[in-house]
Amino acid sequence: MSTSQIPHQNSNHKASSEFSERPRKKLGKYFYLLVGIGGAGLVLLFARPILTSSSNSPTAETTARILPVDTIAVEPVDSYQVSRIYTGEIAALRTSNLGFSRSGEIEQVLVEEGDRVTAGQPLAKLDIRNLETQRQQLIAEKARAQAQLAELQRGARQEDIDAAIAGVRDLEQQLKLQEQQRQRREFLYEQGAISKEELDEFSFGEGALQARLNQAKSNLAELENGTRWEQVAAQQATVQQLEASIADLDVTIDKSTLKAPFDGIVATRELDEGTVANAGQSVIRLIENAAPEARVGMPNQVINELEIGSTQTLKLGSQTYKATVASILPEVNANTRTQVVVFNLDRSAIPQINPGQTVRLELTEEINTEGYWLPTDALNQGIRGLWTCYVLSESEDTENYQVKQHSVEIIHQQGDRVLVRGTLQPGDKIVANGTHRLVPGQQVKPLEVMSNK
């Protein structure tokens, strides 16, 4: 590189430096301008609240914020009532499909659907004409057997005994005559006047008469001794057998009349007169008419306050019914720790209830605790689970009051009021509503003291 070229390079560098410094000067001017505008804005921003506050005096603001409020005077209570609802169900009622135990033609159906019947009342009858004929026949056989038994028990008549005695005496006389004739025949045989054959005929005749005499004496002895006990016992058994047959037939005849096994209502009449019903075939469907039962599980401490026979009110759907405490089952449910209380409902509830239907019992429980009743609108949410209310206190202005904030604890809520306890005193006037507009120390003007009942 020649020395003549160096000056030329330096002159170019100086020109470029002057050109780059011009934008930097312009940016510096803009920066200072923006800083000045921002500072002025901050001054105006902080100065505005000071100007505003200086324009309103404290006395004017306090006068403008005196609020009219409704108040309530609180009085202490030492207890409150709680309504508790216990749920149970209707116990199943007995339902029977009634039929005859034997087959036969239905002669009469004595009830209609919807009729109320009592236990033992006839409902229907079968034709029993053939059974009545059999019974008359058995009665006749029994009468004959009883007559024979009476004859055996009384023994032979005196007339029969006298006839038997006469028969024995007649045979004895014949036997004596036969002996005398035999003796004559033996003398004649020894003299050779008759043959041996004629003598044997008389001897045989005498033996036959002796046999007949022995039989007659035996018959006489039987008549005089009376009937043997074995014969009497056999005849007695015959009479008892006939009596058993009659009793069995009477049972069959009685079962030919269908009777109600319990008090109930005829739900269905399934067969009519003239129909031949089979054994066991349903003729009438009967629903029990006894007092329906409701079973409700309840805690032990509540059960202790119930008395057997006391009257309670049970609710089934939208209807209420009177019920009587019938019994308390001793077993405690291991899961719910409750016992079952059995209630008897009024019979008028039968047409409207069904087994398994839900039933509810509402009981009022008295809980002893001290507190004050406040309307819910008088409370504000506090901290740590507490609530606050405003109590009126006197101020220097005799026409107005100041409010002080008190913390209270809610014990029980009942509709639009709550029972609370805290630092309240009997007779304190509490702001009843609109508490969201108030702050502690706020001046208020009470409008009206509301009732707290």
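For the structure given in this document, a descriptive report is provided here.

Cut-offs and rules
- Residues numbered from 1 in each chain as written.
- Predicted model: local features only at pLDDT ≥ 70, side-chain atom pairs only at ≥ 80, totals over all residues.
- Heavy atoms only, no water.
- Axes fitted to C-alpha atoms, helices over the stretch in contact; angles between N-to-C directions.
- Helix = DSSP H or I, 4+ residues; strand = E, 2+ residues; numbered from the N terminus.
- Parallel < 35°, antiparallel > 145°, perpendicular 65-115°, else oblique.
- Left-handed = near helix turned anticlockwise from the far one by under 90°.
- Nonpolar A, V, L, I, M, F, W, Y, C, P; charged D, E, K, R; others polar.
- Contact = heavy atoms within 4.5 Å.
- Core = buried A, V, L, I, M, F, W, Y, C linked by side-chain atoms within 4.5 Å.
- Buried < 20%, exposed > 50% of the residue type's maximum accessible area, 1.4 Å probe, protein only.
- Pairing = 2+ DSSP bridges.
- Phe/Tyr/Trp six-rings, centres within 6.5 Å; stacked < 30°, edge-to-face > 60°.
- Lys NZ or Arg CZ within 6 Å of the ring centre and 35° of its normal.
- Salt bridge = Lys/Arg side-chain N within 4 Å of Asp/Glu carboxyl O.

Description of the packing of helix 3 (residues 129–154) against helix 6 (residues 229–255)
Here is step 1 of the chain: Helix 6 packs onto helix 3 with a crossing angle of 160 degrees between their chain directions and a minimal axis gap of 9 Å. By the criterion of interaxial angle, the relationship of helix 3 to helix 6 is roughly antiparallel. Note that helix 3 runs across helix 6; the crossing there is left-handed.
Here is step 2 of the chain: Taken together, the residues of the contact of helix 3 with helix 6 sort by class into 12 nonpolar, 10 polar and 5 charged.

Things to note about the environment of L424
Here is step 1 of the chain: Structurally, L424 is set in the loop between strand 19 (417–422) and strand 20 (429–431).
Here is step 2 of the chain: Along the sequence, L424 and V391 sit 33 residues apart, while their C-alpha atoms lie 8.3 Å from each other.
Here is step 3 of the chain: In this view, L424 contacts Y372, L374, C389, V391, H406, V408 and I430; residues no more than four positions away in its chain are not counted.

Digging into the environment of F343
Here is step 1 of the chain: Mapping F343 onto the fold places it in strand 14 (residues 338–345).
Here is step 2 of the chain: F343 has contacts with P292, E293, A294, V296, Q312, L314, A323, T324, V325, A326 and L361, leaving out every residue within four places of it along the chain.

So, the nonpolar core
Here is step 1 of the chain: Ranked by internal contacts, the top residues of the largest apolar core, which has 21 residues, are M298, L314, L316, F343 and L345.
Here is step 2 of the chain: Of all the elements in the fold, those that place two or more residues in this core are strand 2 (76–90), strand 11 (293–299), helix 7 (300–303), strand 12 (311–316), strand 13 (319–332), strand 14 and strand 15 (358–375).
Here is step 3 of the chain: Residues L98, V117, A124 and F262 belong to the second largest nonpolar core, which totals 18 residues.

Side note on the sheet that holds strand 8 (residues 264–269)
Here is step 1 of the chain: Within the open sheet, the 4 strands sit side by side as 3-10-8-5. Their pairing is antiparallel. Two strands lie at the open edges of the sheet, namely strand 3 (95–98) and strand 5 (116–117), each paired on one side alone.
Here is step 2 of the chain: Bridging between strand 5 and strand 8 involves 2 bridges; their strand directions are antiparallel. Opposite R116, over in strand 8, you have I265 as the bridge partner.

Some thoughts on the packing of aromatic side chains
Here is step 1 of the chain: Per the counting criterion, the structure on display carries 0 aromatic pairs.
Here is step 2 of the chain: The ring of W373 has R417 sitting right over it, with the charged end atom 3.8 Å from the ring centre.

A closer look at the sheet that holds strand 6 (residues 122–126)
Here is step 1 of the chain: Taken in spatial order, the 4 strands of this open sheet run 7-6-4-9, and their pairing is antiparallel. In this open sheet, the two strands that pair with only one neighbour each are strand 7 (257–259) and strand 9 (276–277).
Here is step 2 of the chain: Both strand 4 (residues 104–109) and strand 9 contribute to a ladder of 2 bridges, which runs antiparallel. The partner of E105 across the bridge, within strand 9, is V276.

Digging into the pattern of salt bridges
Here is step 1 of the chain: Overall, the coordinates contain 12 salt bridges when judged by the stated rule.
Here is step 2 of the chain: For E365, the salt bridge goes to R84, with nearest N and O atoms at 2.6 Å. Of this pair, E365 sits in strand 15 while R84 sits in strand 2, and the two are 281 residues apart along the sequence.
Here is step 3 of the chain: Judged by relative accessible area, which is 25%, E365 ranks as partly exposed.
Here is step 4 of the chain: Several salt bridges converge on common partners, so that one network encompasses E112, R269, D272 and E273.

These results come straight from atomic positions and should not be treated as a statement about function.
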